[in-house]
Amino acid sequence: MRVLIVFGTTEGHTREICHFAADVLRKAGHTATTEEAARDSADVQIGAYDVVLLAGSLHIGRYQPGLVRFAQARADELNAKPSAFISVSLSAAGENPDDWECLEDCLARFEHETGWTPHQVHKAEGAIKYSQYDFFKRLALKHIAAKRGQATVTSRDYDLTDYDAVRAFVLDFVRADRGPAVLSDPR
Ligand SMILES: Cc1cc2nc3c(=O)[nH]c(=O)nc-3n(C[C@H](O)[C@H](O)[C@H](O)COP(=O)(O)O)c2cc1C
């Protein structure tokens, strides 16, 4: 199976998850190509792949603008293929029902504004990378983490992602695929 993975990232964690997913797929015998959603993403040949995986992370309730633009611009091609979305966030790491509701709202808005409906969605827990934040981001994240019941110290980073769950999701996604729907010829 030829798998295309297109991601948006702000601090790099979603890139790491996508590279991990690509490794898992390659070890399982598939080919996997990763691309960061950017201005020149028009060059990405979606038609050259069997399935497409998109991934992005939440920042103040929004996924990366580059990823949104990519999904918007290529919605018809994406909808015509087996596709999946990995949503990375801190909400997914918590147990607060309000956070989970917010996450569902963010996903619904993403689907609505892009016009793309992934066949499968995985909600991956994100990371807290204090070492990469400026003063204000550090303060904001400490607050966000505390609100979600995650006691953190700013002297270290936290990777909350369940990589076994990511592995299981991507393998299930490519296994579940039976190829694009083939319409019977009416003639
Ligand atoms: C400034 C900032 C705002 C964030 N806002 C949200 C948010 O609204 N909801 C959420 O669940 N996680 C939020 N997060 C957590 C990120 O989704 C998480 O850190 C993720 O791992 C970032 O992935 P990236 O490195 O690929 O950008 C925020 C993180 C930062 C730094």
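Our structure is the block above this text.
I will try to describe carefully the structure that is included in this document. Keep in mind the model is a prediction, meaning the values are calculated, not measured. (Residues numbered from 1 in each chain as written. Predicted model: local features only at pLDDT ≥ 70, side-chain atom pairs only at ≥ 80, totals over all residues. Heavy atoms only, no water.)

1. Topic: the site of the ligand
Residues in contact with the ligand amount to 21 residues; listed here are only the nearest, T9, T14, L58, S91 and A127. Within the backbone of A127, a nitrogen or oxygen atom sits 2.5 Å from an oxygen atom of the ligand. Taken by itself the ligand offers 640 Å² of open surface, and the protein chains cover 93% of this. When contributions to the shell around the ligand are tallied by element, the ones reaching two or more residues are helix 1 (13-27) and strand 4 (83-89). Considered class by class, the residues forming the shell around the ligand number seven nonpolar, 12 polar and two charged. (Near = heavy atom within 4 Å. Polar contact = N/O pair within 3.5 Å; in protein donor to acceptor, adjacent residues only side chain to side chain. Areas by Shrake-Rupley, 256 points an atom, 1.4 Å probe, with all protein chains shown as cover. Helix = DSSP H or I, 4+ residues; strand = E, 2+ residues; numbered from the N terminus. Nonpolar A, V, L, I, M, F, W, Y, C, P; charged D, E, K, R; others polar.)

2. Thoughts on the state of the cysteines
As enumerated under the stated definition, the model contains zero disulfides in all. No disulfide involves C18; its nearest neighbouring cysteine sulfur is the one of C106, lying 18 Å away. With a relative accessible area of 1%, C18 lands in the buried category. Among the cysteines around C102, which has no disulfide bond, C106 carries the closest sulfur, lying 6.3 Å off. (Disulfide = S-S within 2.5 Å. Buried < 20%, exposed > 50% of the residue type's maximum accessible area, 1.4 Å probe, protein only.)

3. A short note on the pairing of strand 4
Buried residues dominate strand 4, accounting for seven of its seven residues. Of the two faces of strand 4, the one carrying S83, F85, S87 and S89 and the one carrying A84, I86 and V88 are both buried. Two strands pair when backbone bridges link them, and strand 4 and strand 5 (residues 120-125) are joined in this way by six bridges, in the parallel orientation. Residue pairing across strands places V88 opposite A124, the latter belonging to strand 5. (Pairing = 2+ DSSP bridges.)

4. Some thoughts on the sheet that holds strand 1 (residues 2-7)
Spatial ordering of the open sheet is given by 2-1-3-4-5, a layout of five strands whose pairing is parallel. Each edge of the sheet is formed by a strand with only one pairing partner; in this case those strands are strand 2 (31-36) and strand 5. Across the sheet, the mean angle separating the axes of adjacent strands is 20° when strand polarity is ignored. Of the strand pairs in this sheet, strand 1 and strand 3 (residues 51-57) are connected by five bridges, and their pairing is parallel. Residue pairing across strands places V3 opposite V51, the latter belonging to strand 3. Across the sheet, helix 1 is in contact with strand 1, strand 2, strand 3, strand 4 and strand 5; its angle to strand 1 comes to roughly 175°. (Axes fitted to C-alpha atoms, helices over the stretch in contact; angles between N-to-C directions. Contact = heavy atoms within 4.5 Å.)

5. Description of a nonpolar patch on the surface
Taken together, F135, F136 and L139 make up a surface patch of nonpolar side chains, about 380 Å² in accessible area. By the element assignment, L139 lies in helix 5 (residues 135-147). (Patch = residues over 30% accessible without salt bridge, like charges linked within 9 Å, V, L, I, M, F, W, Y side chains within 5 Å. Salt bridge = Lys/Arg side-chain N within 4 Å of Asp/Glu carboxyl O.)

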